[in-house]
2 protein chains.
Amino acid sequence: MAVNLPAPDPAQLLAVPGVELGVAMAGVRKPGRKDLLVARLASGTVVAGVFTRNRLPAAPVVLARKHLRGGPVRALVVNTGIANAGTGRDGLKRALEVCEALAAGLGCRAQQVLPFSTGVIMEPLPSERIMAGLPAAVGDLRPGNWAAAAEAIMTTDTVAKACSRRVRLAGGTAVVTGIAKGSGMIRPDMATMLAFVATDAKVAHGALQRITRRTADLSFNAITVDGDTSTNDAFICLATGRGPAARSGKDLKALEAALTKVAQTLAQAVVRDGEGATKFVTVRVERGRNAGECRKVAYAIAQSALVKTAFFAGDANLGRILAAIGNARVAELDAAQVDLYIDRVRVARRGGRDPAYREEQGAAAMKKPEFLVRAVLNRGEAACTVWTCDFSYDYVKINAEYRS
Amino acid sequence: MAVNLPAPDPAQLLAVPGVELGVAMAGVRKPGRKDLLVARLASGTVVAGVFTRNRLPAAPVVLARKHLRGGPVRALVVNTGIANAGTGRDGLKRALEVCEALAAGLGCRAQQVLPFSTGVIMEPLPSERIMAGLPAAVGDLRPGNWAAAAEAIMTTDTVAKACSRRVRLAGGTAVVTGIAKGSGMIRPDMATMLAFVATDAKVAHGALQRITRRTADLSFNAITVDGDTSTNDAFICLATGRGPAARSGKDLKALEAALTKVAQTLAQAVVRDGEGATKFVTVRVERGRNAGECRKVAYAIAQSALVKTAFFAGDANLGRILAAIGNARVAELDAAQVDLYIDRVRVARRGGRDPAYREEQGAAAMKKPEFLVRAVLNRGEAACTVWTCDFSYDYVKINAEYRS
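Residues numbered from 1 in each chain as written. Chains lettered and ligands numbered in written order. Predicted model: local features only at pLDDT ≥ 70, side-chain atom pairs only at ≥ 80, totals over all residues.

Novice: Let's hear about the overall build of chain A: which residues, and what values?
Specialist: On a plain count of helices and strands, chain A comes out with eleven helices and 16 strands. A compact globule built from 404 residues should have a C-alpha radius of gyration of about 22 Å, and chain A, at 22 Å, falls within 12% of that. Scored against the burial criterion, the 404 residues of chain A give a buried share of 63%. Put simply, of all contacts in chain A between residues at least 6 apart along the chain, 81% involve residues at least 24 apart. (Helix = DSSP H or I, 4+ residues; strand = E, 2+ residues; numbered from the N terminus. Rg over C-alpha atoms; globule rule 2.2 N^0.38 Å. Buried ≥ 20, exposed ≤ 12 C-beta atoms within 10 Å, placed from the backbone. Contact = placed C-beta atoms within 7 Å.)

What follows is the structure, encoded as structure tokens:
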């Protein structure tokens, strides 16, 4: 069902010097499914992360944030199947147990391990099963294991999500490889979007953190499937420093561009594989007063259940988009100044239907699996782009039937 | 499909002295359907209204607001089928034409007529057809016509919505009768929720406006089907003054209580008849710091697509509700203090699953067509209640197939 999203070709995924990955079947999710991922990071690796803004962060999010503030990170551990969210103190204890067990296996401290979980909320983490699976995952550790890693973090994803790029820096060529999981900003019970992007470039920790935050805003913070934010969202960037350094402004810019491109490809893959998605839609808002209001308008369109069911139907019932713009809660927005386009077709001019617009034009654009909705606010110079999918019967089916 | 919502019994609907209603088939919506309503108000009637906060208000909303600020209102005119929103200057011109035609028929000024429309957005209002239908509607004017009026304003509503109450005031018994249409906060293309409540009590304009605003907050501003706000929403309260006066604080309180009860019944009817609804759910948030944050949390639950699909499935997958609470964007909310109940069953305690909770308990509660979700924030004394429905296949079907 995913929209224009082929499975990643393992041969195209570049190993990142300094990162080894190992996977195992711990029996947390389903029998016979890889559901445990371990990553070992070379010493000197710097790690930056952004986490969910949900006020009920999962136990692993709480712990990962804390460990990230502490010493240098040496390993990541990810399980699918159980989110370890809404689990109170017991959840924190179990997440820490897993870190301790992996630290013992790798010869580091538990505080140097970042834990991640994704799956059903408010059920206890079966930490015993995860700990029992760790030796197999550690035994599997090797650099060229990104495709298996992308598979091991899937929940209801229908396609694994991974991609690589090379970036030329002054001191040589660096590699950027990333993986992600998720079928939307919110992943039902399976709570979440997780993404990990690694590079061998050498970059200072402060610079990496700033790059990570900006990259998130242009990728994972610019998508929606159903408008919810999960308890477990995390996006981690890591730089092993085994490759060329990125110190000059020019090199940092090039590295940031490569990281952003990888993150955008992964974020878009999450939307293309959105629950029940049959359409992939880019929503661009232009000529707003500032980026914030453009973002509000873009999300008002991208999250409206009515707009998304119209996308599903391919029904050029585009007054719904005007109504969504009016509903964006942007103070002083004069809807009578708004122009609206589907691809190159102008649908509305100055808040009303364009007299030249014919509905067949809109219908033709919306019949395609991918198209652009562009709203021009005509009151400033700011812009913003977000990506969304349609809202189909299968979204309801997947979310009503999950677990049963 | 409506949940526990019988059609109103015309014999139970009380005429309101000073209000006459007439309906007609103007051919705006569908052939053979009543789609035009005219109300004539006795001189001395005071009228108060609250309108959509959508920044793209429909032409009739713009005009009704303006006429309401002007002279005393003598008539209302409502059409279904076309919303007259996203129609620019031409839309305003056509709405005014309709007011002028009705004013000529009734012998008042166009500025004394409030127009209302509901239907597809961004299509021109067929004002000629409406004007051609006005004489029949005017010829039909009579006091005991509330059931026909409720039917004439329906769009995709499956059940007409009307209700009456009597209220004892110092000077005698007053009558309150109201009608509404809508299957949600947003009515798709059919944009909207419209509600009209009338009483024969004599009440000052300022008092009525204050009562109307408070009543709206406890009724129509406390429901959601899909989280959107339409371009045409309007809630009008009118008091003809032909009955007993409400002047003392006690009488005003009694009248407000009656108006609120009627408005809540109508608002709940909109949710019970929500698009595709199979469940009617009351969401109550208690012990918040203030009403605003309780409202944010209540709506975060009531609007989450994931929570609503779990309601549909009757799946006691209640971690989704905790995640929604965390997603309410309430600053400083400590989710680890939250208790969660379904009816009388405590599901979560202090942010984590209640050890005594068994999933069969949640499943049994959610199998019923109506139940209560109660979140206790444990940080203050404020509370808020909203009403919502579940999210079913039929929601997608109705919205994907409308117009086709």
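Novice: Please provide a residue-by-residue account of the sheet that holds strand β7 (residues 172–181) of chain A, values included.
Specialist: Residue and element names in this part refer to chain A. Here five strands make up an open sheet; going across it, the order is β3-β10-β8-β7-β6 and the pairing mixed. One side of each edge strand has no neighbouring strand; the edge strands of this open sheet are β3 (46–51) and β6 (161–169). Strand-to-strand twist in this sheet, taken as the mean axis angle between neighbours without regard to direction, amounts to 15°. Pairing geometry for strand β8 (residues 194–199) and strand β10 (residues 234–239), over six bridges, is parallel. Across the sheet, Leu 194 pairs through a bridge with Ala 234, a residue of β10. On top of the sheet, helix α6 (residues 249–272) reaches β6, β7, β8 and β10; it is set at about 165° to β6, its chief contact. (Pairing = 2+ DSSP bridges. Axes fitted to C-alpha atoms, helices over the stretch in contact; angles between N-to-C directions.)

Novice: Which residues make up the packing of helix α1 (residues 59–69) of chain A against helix α2 (residues 88–106) of chain A, and what values do they have?
Specialist: Residues and elements named next belong to chain A. Between α1 and α2, the shortest axis-to-axis distance is 8 Å and the interhelical angle comes to 55°. With respect to each other, α1 and α2 are oriented oblique. For α1 against α2, the interelement crossing comes out right-handed. Contacts between α1 and α2 involve Ala 59, Pro 60, Val 62 and Leu 63 on the former and, on the latter, Gly 91, Leu 92, Ala 95, Leu 96 and Cys 99. Within the contact of α1 with α2, the residues separate by chemical class into eight nonpolar, one polar and no charged. (Parallel < 35°, antiparallel > 145°, perpendicular 65-115°, else oblique. Left-handed = near helix turned anticlockwise from the far one by under 90°. Nonpolar A, V, L, I, M, F, W, Y, C, P; charged D, E, K, R; others polar.)

Novice: Which residues make up the sheet that holds strand β4 (residues 75–82) of chain B, and what values do they have?
Specialist: Residue and element names in this part refer to chain B. Taken in spatial order, the four strands make up an open sheet running β1-β2-β4-β5, and their pairing is mixed. Bordering the open sheet on either side are β1 (19–24) and β5 (113–120), each of which pairs with just one other strand. Geometrically, the sheet is characterised by an average inter-axis angle of 15° between neighbouring strands, direction not taken into account. The pairing of strand β2 (residues 36–41) with β4 spans five bridges and is antiparallel. Each residue of the ladder has a partner; that of Val 38, found in β4, is Val 77.

Novice: Break down unusual backbone geometry for me, citing the residues and quoting the values.
Specialist: Glycine aside, residues mostly have negative phi, and peptide bonds are mostly found in the trans state. All names here are of chain B. Look at Asp 343: it is not a glycine, yet its phi comes out positive at around 50°. Mapping Asp 343 onto the fold places it in the loop between β12 (339–342) and β13 (345–349). With phi around 55°, Asn 378 is a residue other than glycine that occupies positive phi space. For Asn 378, the position within the fold is in the loop between β15 (370–376) and β16 (382–389).

Novice: Break down helix α1 (residues 59–69) of chain B for me, citing the residues and quoting the values.
Specialist: Of all the positions in α1 of chain B, only Ala 59, Pro 60, Val 61, Leu 63, Ala 64 and His 67 of chain B are classed as buried. Of the surrounding elements, those touching the buried residues of α1 of chain B are β3 (46–51), α2 (88–106), β5 and β10 (234–239) of chain B.

Novice: I'd like a description of helix α5 (residues 205–218) of chain B, backed by residues and values.
Specialist: Residue and element names in this part refer to chain B. Taking 1.5 Å per residue, 14 residues should reach 20 Å; α5 reaches 20 Å between its end C-alpha atoms and fits that length. Burial in α5 covers these residues: Leu 208, Ile 211, Thr 212, Thr 215 and Ala 216. The buried residues of α5 occupy one face: seen down the axis, they fall within an arc of 135°. Here the buried face of α5 lies against β3, β10 and α6 (249–272). (Expected span 1.5 Å × (residues − 1). Arc of directions from axis to C-beta.)

Novice: Lay out the nonpolar core in plain terms, naming residues and giving numbers.
Specialist: By size, the foremost hydrophobic cluster in this structure holds 294 residues, and its most contacted members are Ile 301 and Ile 325 of chain A together with Ile 301 and Ile 325 of chain B. Excluding anything up to four places from it in sequence, Ile 325 of chain B contacts Leu 56 of chain A together with Val 297, Ala 300, Ile 301, Ala 335, Val 338 and Ala 375 of chain B. (Core = buried A, V, L, I, M, F, W, Y, C linked by C-beta atoms within 7 Å.)

Novice: Give a description of the packing of helix α7 (residues 291–303) of chain B against helix α9 (residues 319–326) of chain B that names residues and reports values.
Specialist: All names here are of chain B. Between α7 and α9, the shortest axis-to-axis distance is 8 Å and the interhelical angle comes to 135°. Between α7 and α9, the crossing angle belongs to the class labelled oblique. When you trace α7 past α9, the crossing you get is right-handed. Between α7 and α9, the contacting residues are Val 297, Ala 300 and Ile 301 on the first element and Ile 321, Ala 324 and Ile 325 on the second.

Novice: Got a sec to walk through the domain arrangement of chain A? Specific residues and values, please.
Specialist: Residues and elements named next belong to chain A. Looking at chain A, the domain boundaries give domain 1 (10–272) and domain 2 (280–401). Here the C-alpha centroids of domain 1 and domain 2 sit 32 Å apart. Each partner contributes residues to the interface: domain 1 has ten residues there, and domain 2 has eleven residues. Elements that contribute at least two residues to the side of domain 1 that touches domain 2 include exactly β9 (223–224) and α6. Considering each element in turn, the side of domain 1 that touches domain 2 owes the most residues, three residues, to α6. When grouped by side-chain class, the residues that make up the side of domain 1 that touches domain 2 number five nonpolar, four polar and one charged. (Domains from an automatic or database assignment.)

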